[in-house]
Amino acid sequence: MDHVVGIDLGTTNSLIGVMEAGFPILIADANGARLTPSVVSFQNDGAPIVGQAAARMREVKPSETIYSIKRFIGLRGDELRKGDADVSYTLERRRGQPVRVLANNEPHSPEEISALILQKLKSDAETALGHAVSRAVITVPAYFNDAQRSATKRAGELAGFRVERIVNEPTAAALAYGLDKLEGRSKIAVYDLGGGTFDISILELNGGVFEVLATNGNTRLGGDDIDRALLKSISDTGNRIPESLVRLSQVLIEAKHRLSTEEKVAIDVPFFDGAKSLHLDLAREELEKVARPIIEQTRAHCLRSLADAKLTSADLDEVILVGGVTRMPLVRRIVAEIFGREPNTSQNPDEAVAIGATIQAGILSGAVRDVVLLDVTPLSLGIETFGGLMNVIIPRNSTIPIKAGEMFTTAVNQQRSMSIKVLQGEREMARDNWPLGQFEIEFEAAPKGVARVGVQFEIDANGILHVLARDTKTGGEKIVEIDSAVDVSDEAVEAMISESLDHAFDDMSERVWTEAKVKAEEMLNAVEAAFAQVGDSVDAREKEMIQQAATRVREALGTNDTRGLQAANAALDEATQGLAAALVEKAMQAAR
């Protein structure tokens, strides 16, 4: 099987999964761990190390160990907010230039750092599956802009993946929870509190398509803040604790995790301070006292997100939890207070986004056949216009559901109907694209360019293309349904895109020539009609100049020289300025 893997490229941890026998399976590394710390440590000699081994180097080589790189991907120096650069490694920040990381005195882009993490995940997957994997779905926060999404895709490509889809994290999480099966219009809150960031997204589900209504959050709020506050709290009790020790940090984090299911834990660190050992008892109540001010900061973001979505908590159908910190009972109680309902805790919050990404990957690979999750158009949709050109109305990769349209005029005098030929593809000429359907709309006879026909394309949540053509004068219209506009095999899409790339130069040259030819023919017809109306009032010398310019246009039409024809068109347009003014003057006199 041609596996497509699903990847949660996280701020703190990353995961990779694949569909096997109809189930999403998250892949473990050689040590049996599914969570891979999103950390890269550069060594003085040899290749950088990634994952858990790198995480252990944060205290040993803080300036050479890169973490939370996701905060900087796709950003420029002047886009960093106050406090964003509060990391142990050096950031290169220049106004208008992409942020870069300095390690071993060498600059590295966030994409390059992220690619190292993705390469580690790729290697683990290939070892587990026993064959190479090259296709991936990667998740990003809903608030990521185009630059951040493009940079994430670039990181995937640097790691050796063909990135099939960039998916919003809350959408992936909702898919993991099975919320794509909800009936009607359902509204879902996704509360995502991870190690370094907090996000709250409000989604609306309609017919299998998720739409983000609002998103909010804090990129510098997460479990790491609780860890630091807990360490400080223990230090303030009078215990002599060197905060730089990785050993203590790890022990406290493990204790925090245990307190999600236990009321009290004992912390024992043998020979912690030389010959002395460390023993502490830590109760859940003490942890919650430290953590509450941090978790309470999420309340304002949740309320703002609801307000932006123009909803109240009563309008929500589900509240789901994402991120390891949401295992804490205190977090779940606060979420229940904010939204007035108990959150859905049926999924592992550490793995929900990765599971959703894996399911989406399975849909793309064909491993999941009974799930419909339509979110973008695989190829452009449009109609054939005069000269045999492809006029795109809905571009490739447009999010659906979508509606778009354009206005068209007749190309022939006294034309009584217009043929609408619906096309799909990426080529410039209509003949090279796939015909999806054809129909005619009739209207009253009128001079060329007068009758106006509006053509609208609409793709609904089920992937059905509705094509509407309307005579704007009479209101007469015709609607046709085409059900194959989105259901296109990956192979067919790849073949069409490959063809468009192979023929890009020739196609564009033919399009430019055709457009120039259409314009030339229109101008020659217009000159002939103008002479018939006002030719007697035009100065003989001016008339001769126009006729000479028209002759050069006719000659250029027979050469297939695009630049020559464009130049001849421009000269004829310049020569007919006076003729056009005479036509306008005559029309104004007739109107008096």
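The structure presented is a predicted model; accordingly, all values stated were derived computationally and were not measured.

(A) Representation of the overall build of the protein in the model. From N to C terminus, the protein includes 14 helices and 26 strands. The burial tally for the protein puts 49% of its 592 residues in the buried class. Carbon and sulfur atoms make up 48% of the accessible area of the protein, which totals about 28700 Å².

(B) Just the sheet that holds strand E8 (residues 90-92), in detail. Spatial ordering of the open sheet is given by E8-E9-E10, a layout of 3 strands whose pairing is antiparallel. Edge positions in the sheet fall to E8 and strand E10 (106-108), since each of these pairs with one other strand and no more. For this sheet, the mean angle separating the axes of adjacent strands, direction not counted, is 40°. The sheet contact formed by strand E9 (residues 100-103) and E10 spans 3 bridges and is antiparallel. For Val101, the partnering residue across the bridge sits in E10 and is His108.

(C) View of the sheet that holds strand E6 (residues 49-50). Judged by pairing direction, the sheet is antiparallel, and its 3 strands sit side by side in the order E6-E5-E7 without closing on themselves. A single partner strand is all that each edge strand has here, and the edge strands are E6 and strand E7 (65-67). Note that strand E5 (residues 39-41) and E6 share 2 bridges and pair antiparallel. Bridged to Ser41 within E6 is Ile49. Those strands touched by helix H2 (residues 110-129) are E5, E6 and E7, and its axis lies near 105° from that of E5.

(D) Representation of the packing of aromatic side chains within the structure. All told, the structure shown has 2 aromatic pairs when counted by the stated rule. Taking the centre distance of 5.3 Å and the plane angle of 85° together, the rings of Tyr67 and Tyr89 count as edge-to-face. Placement of the pair is Tyr67 in strand E7 and Tyr89 in the loop between E7 and E8, with a sequence separation of 22 residues.

(E) View of helix H4 (residues 169-176). The buried count for H4 comes to 8 of 8 residues, which makes it a mostly enclosed element. Listing the buried residues of H4 in full gives Glu169, Pro170, Thr171, Ala172, Ala173, Ala174, Leu175 and Ala176.

(F) How the structure looks around the pattern of salt bridges. On inspection of all chains with the given rule, the structure shows 24 salt bridges. Across the pair Lys256 and Asp227 runs a salt bridge, and its minimum N-O distance is 2.8 Å. Linking Lys256 in helix H6 (residues 246-258) with Asp227 in helix H5 (residues 223-236), this pair joins segments that are 29 residues apart in sequence. Neither residue differs from the other here; Lys256 and Asp227 are each classed as buried.

(G) Layout of the environment of Ile113. Inspection of the secondary structure puts Ile113 in helix H2. Separated by 75 residues in the primary sequence, Ile113 and Ser38 place their C-alpha atoms 9.4 Å from one another. Excluding its chain neighbours within four sequence positions, the residues that come into contact with Ile113 are Val40, Phe42, Ile66, Ile69 and His108.

(H) Here's a closer look at unusual backbone geometry. In this structure, Asn105 takes a positive phi of about 65° despite not being glycine. Looking at the element boundaries, Asn105 is found in the loop between E9 and E10. Judged by its relative accessible area of 78%, Asn105 is exposed. Here the phi dihedral of Lys310 falls at roughly 60°; this positive angle occurs in a residue that is not glycine. Within the fold, Lys310 resides in the loop between helix H7 (284-308) and strand E18 (318-322).

(I) Expanded view of the packing of H7 against helix H8 (residues 329-339). Packing of H7 against H8 leaves a shortest axis separation of 9 Å and a crossing angle of 30°. Classified by the interaxial angle, the pair formed by H7 and H8 is roughly parallel. As for the relative orientation of H7 and H8, their crossing is right-handed in sense. For the pair formed by H7 and H8, the contact residues are Arg284, Glu288, Ala291, Arg292, Ile295, Glu296, Thr298, Arg299, Cys302, Leu303 and Leu306 on the first element and Pro329, Leu330, Val331, Arg333, Ile334, Glu337, Ile338 and Phe339 on the second. Of the residues assigned to the contact of H7 with H8, the class counts are 11 nonpolar, 1 polar and 7 charged.

(J) Highlighting the pairing of E18. Burial analysis of E18 places 4 of its 5 residues in the buried class, which makes it a mostly covered element. Bridge count for strand E13 (residues 186-193) against E18 is 5 bridges, and the pairing is parallel. Across the sheet, residue Ala189 finds its bridge partner in E18, namely Val319.

(K) Broad picture of the pairing of strand E19 (residues 381-385). For E19, the tally of buried residues reaches 4 of 5 residues, placing the bulk of the element in the interior. Pairing of E19 with strand E20 (residues 389-394) involves 5 bridges; the strand directions are antiparallel. Note on E20: the bridge partner recorded for Glu384 is Met390. Bridge count for E19 against strand E22 (residues 415-424) is 3 bridges, and the pairing is antiparallel. Counted as the bridge partner of Gly382 is Leu423 from E22.

(L) Layout of the environment of Phe210. The residue Phe210 is located in strand E15 (residues 209-218) in this model. It is 9.4 Å that separates the C-alpha atoms of Phe210 and Lys187, two residues lying 23 residues apart in sequence.

(M) The arrangement of the side chain of Thr562 in detail. You can see Thr562 is positioned in helix H13 (residues 562-575). On the basis of relative accessible area, Thr562 is assigned to the buried category, the value being 19%. If we ignore the near neighbours within four places in the chain, the residues touching Thr562 are Ser509, Val512 and Trp513.

(N) A look at H2. In this model H2 runs 28 Å from its N-terminal to its C-terminal C-alpha over 20 residues, within 8% of the 28 Å that 1.5 Å per residue would give. Along H2, the residues classified as buried are Pro110, Glu111, Ile113, Ser114, Ala115, Ile117, Leu118, Leu121, Lys122, Asp124, Ala125 and Leu129. Looking at the residues trailing H2, positive phi occurs at Gly130, about 80°.

(O) Local environment of the confidence of the model for the protein. Averaged over all residues, the pLDDT of the protein is 82; the fraction at 70 or higher stands at 86%. By mean pLDDT, helix H10 (residues 490-502) is the weakest element of the protein at 63, and H8 is the strongest at 95. In the model, residues 370-374 has pLDDT below 50 throughout and makes 16 contacts with residues more than four positions away in sequence or in other chains.

(P) Representation of the packing of helix H12 (residues 540-557) against H13 within the structure. Viewed as axis vectors pointing N to C, H12 and H13 meet at an angle of 160°, and their least axial separation amounts to 9 Å. As summarised for this structure, H12 and H13 are arranged roughly antiparallel, according to the angle between their axes. Here H12 and H13 pass one another in a crossing that is left-handed. Contacts between H12 and H13 pair Glu542, Ile546, Ala549, Ala550, Arg552, Val553, Ala556 and Leu557 from the former with Gly564, Leu565, Ala568, Asn569, Ala571, Leu572 and Ala575 from the latter. Residues that form the contact of H12 with H13 fall into these classes: 11 nonpolar, 2 polar and 2 charged.

Reading the values: rules and limits
- Residues numbered from 1 in each chain as written.
- Predicted model: local features only at pLDDT ≥ 70, side-chain atom pairs only at ≥ 80, totals over all residues.
- Heavy atoms only, no water.
- Helix = DSSP H or I, 4+ residues; strand = E, 2+ residues; numbered from the N terminus.
- Buried < 20%, exposed > 50% of the residue type's maximum accessible area, 1.4 Å probe, protein only.
- Areas by Shrake-Rupley, 256 points an atom, 1.4 Å probe, with all protein chains shown as cover.
- Pairing = 2+ DSSP bridges.
- Axes fitted to C-alpha atoms, helices over the stretch in contact; angles between N-to-C directions.
- Contact = heavy atoms within 4.5 Å.
- Phe/Tyr/Trp six-rings, centres within 6.5 Å; stacked < 30°, edge-to-face > 60°.
- Salt bridge = Lys/Arg side-chain N within 4 Å of Asp/Glu carboxyl O.
- Parallel < 35°, antiparallel > 145°, perpendicular 65-115°, else oblique.
- Left-handed = near helix turned anticlockwise from the far one by under 90°.
- Nonpolar A, V, L, I, M, F, W, Y, C, P; charged D, E, K, R; others polar.
- Expected span 1.5 Å × (residues − 1).
- pLDDT = per-residue confidence, 0-100.

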